[in-house]
Protein chains: 2
Amino acid sequence: MIDHTHDPGLTSWIDSANDPATDFPPQNLPLGVFRHAGSSEGRSGVAIGTMIVDLMEARRLELLDGEAARIAAACGDALNVLMSLGPGASSALRRQLSELVRADTERGNRAAAVADHLLVAQRDAVMQLPAHIGDYTDFYASIDHATNVGSMMRPDNPLLPNYKWVPIGYHGRASSIVPSGTPVRRPRGQIHSEQVNAPSFSPSQRLDYELEIGLFVGQGNSLGTPIGIHDAGSHIFGLCLLNDWSARDIQVWEYQPLGPFLSKSSATSVSPWIVTCEALAPFRAPARERPGDDPQPLPYLDDPKDREQGAFDITLEVYLQSRDMRARGMAPQRLSQSRFTTMYWTAAQLIAHHTSNGCNLRPGDLLGSGTVSGASREARGCLLELTWRGSEPVTLASGETRRFLEDGDVVTLRGFCERPGYRRIGFGECTGEILTADN
Amino acid sequence: MIDHTHDPGLTSWIDSANDPATDFPPQNLPLGVFRHAGSSEGRSGVAIGTMIVDLMEARRLELLDGEAARIAAACGDALNVLMSLGPGASSALRRQLSELVRADTERGNRAAAVADHLLVAQRDAVMQLPAHIGDYTDFYASIDHATNVGSMMRPDNPLLPNYKWVPIGYHGRASSIVPSGTPVRRPRGQIHSEQVNAPSFSPSQRLDYELEIGLFVGQGNSLGTPIGIHDAGSHIFGLCLLNDWSARDIQVWEYQPLGPFLSKSSATSVSPWIVTCEALAPFRAPARERPGDDPQPLPYLDDPKDREQGAFDITLEVYLQSRDMRARGMAPQRLSQSRFTTMYWTAAQLIAHHTSNGCNLRPGDLLGSGTVSGASREARGCLLELTWRGSEPVTLASGETRRFLEDGDVVTLRGFCERPGYRRIGFGECTGEILTADN
């Protein structure tokens, strides 16, 4: 079967999907869970232009059939069941959804006739988490990020000896993952200054964002049965934006010897729309090349196909808008832009490594990539790097400066894919405002 | 209302509960989830002697009434709903269960008359996890353990500067938590030897157990709302035994800078019966005293009542039985005995610290105490300490020696509480056999 779902010429009967600037053209079709304002019932949906296709309604209106209809029936207030069904199911659903939003298909004509029932405006919906996230793991897969952070502590020897062998990661906190838009309260914690013996318990003064990609696990594996590197890519359902809010002052005092804990667990924000691996297929790219003096990956992490197209060419951006900027009507200011192709480890390598000891992944589990930084200053994905631990403040258009985040700051992550001959697709946004610690 | 549920003179119409050696006398009444062999349906139950009271049957047979009956109805294949209801609900259920198993009550007489429907022999049941565990956190609360492990790396300065201020912990893996009895496959992973530049990917040669207590969270908290130290104890539903299987060779190579990951996530075993805080009330004890030159806890971790009775006086033991010992009919050999009163941080302090940044706990979340070691050699709760990183092998009764675990070894944790004037209560066991990595 020829896959027409990426054809750049596709147009939709939903006008806003044809806007060249939209993140959600007919070629994207990302999945999420929303509720109507005033209701508590979660409903699965698909973003298209400024609208949402309500999957349950699509099924009720008989706009989906066969496997796609059965999948839509299984997607209630979470996408875990769909995720568990594997790439075949996702593709089957995608093909019918593509027809449903198109202007030139019989399915599209039928859908347009019942648009009032089928569509919800995104502005009238409240987005929820797209899945029940059983476990959340955060990696450290950007060598530029690891090198920058390491340089601050060990200028002559920034990368630890394990970095080029082991996809470094740690278990994160699942309960405090929140959808984009949820305000983020500045955490309190133990903060230790070199000048004083006793730490204080006080609001973090070094609150930071981290620009990351989130990977949702599709089909899982049984405990004791690793996922081989050749299969690992097919266990990724889709990608989102992820902000791993980090309190640097809490982190530096607590993290020895067992790693970050409360510095990372007060909140983690994710964008609500999962861009599926099917939608991202045209934007696969070679894995970052390893210079000749870097070790080659061990066999359990090495796959020729993954080397050729294991990366995703996603451009990622961070924007900041202070309270003062909002009051003065100033637009959010871009702080950085980086590319997901620069990661040292591919998504498949993260999956293969994670399960190599027999650890089981479950559908809906979330993997963070780690901060996506590049080699240049403009590509640093967190303030710790961008201001070099606060020593090089960033100046905002309002004249304010930032070493770390201030109360009232709104941080917005954005991501998109562009390639000649293909329609641009985007991730929407992952946003959060910093609230004062005084609650 | 006077609480008679701990009276040492209580006897049961279930004979095995009156055996002085049982872990499950009428004063204990631990809760768990079982299924009948051959069935996949999880059922909540209460251990009593060698039997299980089936909670759903107890309700169906109208042996529970009022709040206790409503609770029993809400306990299906997991105890999360009961946990969410708080200490009042647990106590209400406990009072009626105590009457139900007693020989001298009207409720007990009615129960004895329908014993065939009400009871299941433990040997005919398969135990499951007692709750859906949303998040699992592992602490490092034994100062003797932290000092021993630190000594191996820094003989002159074993404890890091943060230890006496911060209850050190890290996020663990929830998906690979298994009930006692589940075999544990030796994990493979990256192992690095100082002599060779490249790590190998091979079965762990330094697989270890860690003797811990697991704390199940009862009522949770909302994101952004810490649980104060004065309330923290009431958010603990009950305790179990926990074995944090650890691959030391994988751990030492992977853990910098973000902490243990795959070395800990291949499996974590828990005993299936949760001994409730109500059952443990007579065995509360003062928190470990801090010498004069130790810092006092910061105010958010300091509570006079917690200092007086924040500890649990539980004796903990580790047994090992090799394949050879089993073949020769030799009993498991005790490797260590330690006491939970020696921990540097109390359970309430772990809860208060965990939520101090606003992180939310959910009913059924699991907290591990960290390895429970004492000051003496006999009280070392893992082989890393007991054999001092393999340099002082342990000799088994079979003549074999152990530096770390071998395939076929069965590790069993046990725990119990004893106090003059009270009936001894126990935790049952947490056991697992090591399977070869070659699968």
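Residues numbered from 1 in each chain as written. Chains lettered and ligands numbered in written order. Predicted model: local features only at pLDDT ≥ 70, side-chain atom pairs only at ≥ 80, totals over all residues. Heavy atoms only, no water.

**A closer look at the overall build of chain A**
At step 1: The helix and strand tally for chain A stands at 14 helices and 26 strands.
At step 2: Relative to the 2.2 N^0.38 estimate, which gives 22 Å for 439 residues, the radius of gyration of chain A is 22 Å and therefore close to what a compact globule would have.
At step 3: Buried residues in chain A amount to 64% of all 439 residues.
At step 4: About 15900 Å² of surface is accessible on chain A, with carbon and sulfur atoms providing 49% of the total.
At step 5: Distance from the positive charge centre (40 side chains) to the negative charge centre (52 side chains) of chain A: 2 Å. (Helix = DSSP H or I, 4+ residues; strand = E, 2+ residues; numbered from the N terminus. Rg over C-alpha atoms; globule rule 2.2 N^0.38 Å. Buried < 20%, exposed > 50% of the residue type's maximum accessible area, 1.4 Å probe, protein only. Areas by Shrake-Rupley, 256 points an atom, 1.4 Å probe, with all protein chains shown as cover. Lys, Arg positive; Asp, Glu negative; His and termini not counted. Charge placed at Lys NZ, Arg CZ, Asp CG, Glu CD.)

**Observations concerning the sheet that holds strand β4 (residues 119-121) of chain B**
All names here are of chain B.
At step 1: Spatially, 5 strands are ordered β4-β3-β2-β1-β5 in an open sheet, and the strand pairing comes out antiparallel. The two strands at the open ends of the sheet, each matched to only one other strand, are β4 and β5 (125-127). Here the average twist between neighbouring strands, direction ignored, is 50 degrees.
At step 2: The pairing of strand β2 (residues 43-48) with strand β3 (residues 51-54) spans 4 bridges and is classified as antiparallel. Paired with Ile 48 across the bridge in β3 is Met 51. (Pairing = 2+ DSSP bridges. Axes fitted to C-alpha atoms, helices over the stretch in contact; angles between N-to-C directions.)

**Description of the side chain of Gln321(A)**
All names here are of chain A.
At step 1: Residue placement: Gln 321 occurs in strand β20 (residues 315-321).
At step 2: A relative accessible area of 13% means that Gln 321 is categorised as buried.
At step 3: Separated by 2.9 Å, the side chain of Gln 321 and the backbone oxygen of Met 330 make a polar contact.
At step 4: When near neighbours in sequence (up to four residues on either side) are disregarded, Gln 321 contacts Arg 326, Met 330, Ala 331, Pro 332, Gly 408, Asp 409 and Val 410. (Polar contact = N/O pair within 3.5 Å; in protein donor to acceptor, adjacent residues only side chain to side chain. Contact = heavy atoms within 4.5 Å.)

**Describing the sheet that holds strand β26 (residues 425-435) of chain B**
Residues and elements named next belong to chain B.
At step 1: The mixed open sheet is built from 5 strands, whose spatial order is β9-β26-β25-β20-β21. Two strands in the sheet have a free side with no partner beyond their single neighbour: β9 (184-185) and β21 (333-339).
At step 2: Strand direction decides the pairing type here: β9 and β26, joined by 2 bridges, are parallel. Bridge assignment links Val 184 to a residue of β26, and that residue is Ile 434.

**Here's the deal with the relation of the copies chain B and chain A**
At step 1: Here chain B sits on chain A after a turn of 180 degrees about the axis and a move of 0.0 Å along it, with an RMSD of 0.0 Å. The operation mapping one copy onto its partner corresponds to a two-fold rotation axis. Among all C-alpha atoms of chain B, that of Gly259(B) lies closest to the rotation axis, at 2.0 Å.
At step 2: Mapped onto chain A, 100% of the interface residues of chain B are again interface residues, and the two copies thus contact each other with one and the same surface. (Least-squares fit on C-alpha atoms with pLDDT ≥ 70 in both.)

**Considerations on the interface of chain B and chain A**
At step 1: With 56 residues of chain B at the contact, the number on the chain A side is 56 residues.
At step 2: Counting the surface lost from both chain B and chain A, the interface buries some 5300 Å², and carbon and sulfur atoms represent 62% of this.
At step 3: Three residues stand out in chain B for area buried against chain A, namely His171(B), Leu258(B) and Phe261(B), and they jointly supply 16% of the buried area on that side.
At step 4: Inspection of the chain B/chain A interface yields 4 salt bridges.
At step 5: At the junction of chain B and chain A, the tally comes to 28 residue pairs in polar contact (both at pLDDT 80 or more). (Buried area = accessible area lost by both parts, 1.4 Å probe. Salt bridge = Lys/Arg side-chain N within 4 Å of Asp/Glu carboxyl O.)

**Brief notes about the confidence of the model for chain A**
At step 1: In the predicted model, chain A carries a mean pLDDT of 97, and the fraction of residues at 70 or more is 100%.
At step 2: Two numbers describe this predicted complex: its pTM, 0.97, and its ipTM, 0.97. (pLDDT = per-residue confidence, 0-100.)

**Structural notes on the packing of helix α2 (residues 66-74) of chain A against helix α4 (residues 87-101) of chain A**
All names here are of chain A.
At step 1: Running from N to C, α2 and α4 cross one another at 105 degrees; their axes reach a closest spacing of 8 Å. The pairing of α2 with α4 is recorded here as roughly perpendicular in orientation. Where α2 abuts α4, its residues Glu 67, Ala 68 and Ile 71 lie against Ala 89, Ala 92, Leu 93 and Gln 96.
At step 2: Within the contact of α2 with α4, the residues separate by chemical class into 5 nonpolar, 1 polar and 1 charged. (Parallel < 35°, antiparallel > 145°, perpendicular 65-115°, else oblique. Nonpolar A, V, L, I, M, F, W, Y, C, P; charged D, E, K, R; others polar.)

**Digging into the packing of aromatic side chains**
At step 1: Throughout the structure, instances matching the rule amount to 16 aromatic pairs over all chains.
At step 2: Geometrically, the ring pair formed by Phe283(B) and Tyr422(B) is edge-to-face, given 6.2 Å between the ring centres and 65 degrees between the ring planes. Residue Phe283(B) is found in the loop between α10 (277-280) and β18 (284-285), and its partner Tyr422(B) is found in the loop between β25 (410-417) and β26; the two are separated by 139 residues along the sequence.
At step 3: Grouped by ring-pair contacts, the aromatic residues Tyr140(A), Tyr163(A), Tyr344(A) and Trp345(A) constitute a single cluster. (Phe/Tyr/Trp six-rings, centres within 6.5 Å; stacked < 30°, edge-to-face > 60°.)

**Comments concerning helix α5 (residues 106-113) of chain B**
Residue and element names in this part refer to chain B.
At step 1: When α5 is considered as a whole, its buried residues turn out to be Arg 107, Gly 108 and Ala 111. The buried residues of α5 occupy an angular sector of 95 degrees when the element is viewed end-on, so they sit on one face. For α5, exposure combined with an orientation more than 90 degrees from the buried face picks out Glu 106 and Ala 113. (Arc of directions from axis to C-beta.)

**Quick word on the environment of Leu10(A)**
Residues and elements named next belong to chain A.
At step 1: Mapped onto the secondary structure, Leu 10 falls in the segment before β1 (31-36).
At step 2: Judged by its relative accessible area of 6%, Leu 10 falls in the buried class.
At step 3: When the C-alpha positions of Leu 10 and Gln 27 are compared, they lie 7.5 Å apart, and in sequence the two are 17 residues distant.

**Examining the pattern of salt bridges**
Residues and elements named next belong to chain A.
At step 1: A full pass over the atoms with the stated rule returns 60 salt bridges over all chains.
At step 2: Where Arg 326 meets Glu 433, a salt bridge forms, and the shortest distance between an N and an O atom there is 3.5 Å. Within this pair, whereas Arg 326 is found in helix α12 (residues 323-327), its partner Glu 433 is found in strand β26 (residues 425-435), the two being separated by 107 residues in sequence.
At step 3: Of the residues examined, Glu 433 reaches a relative accessible area of 28% and is grouped as partly exposed.

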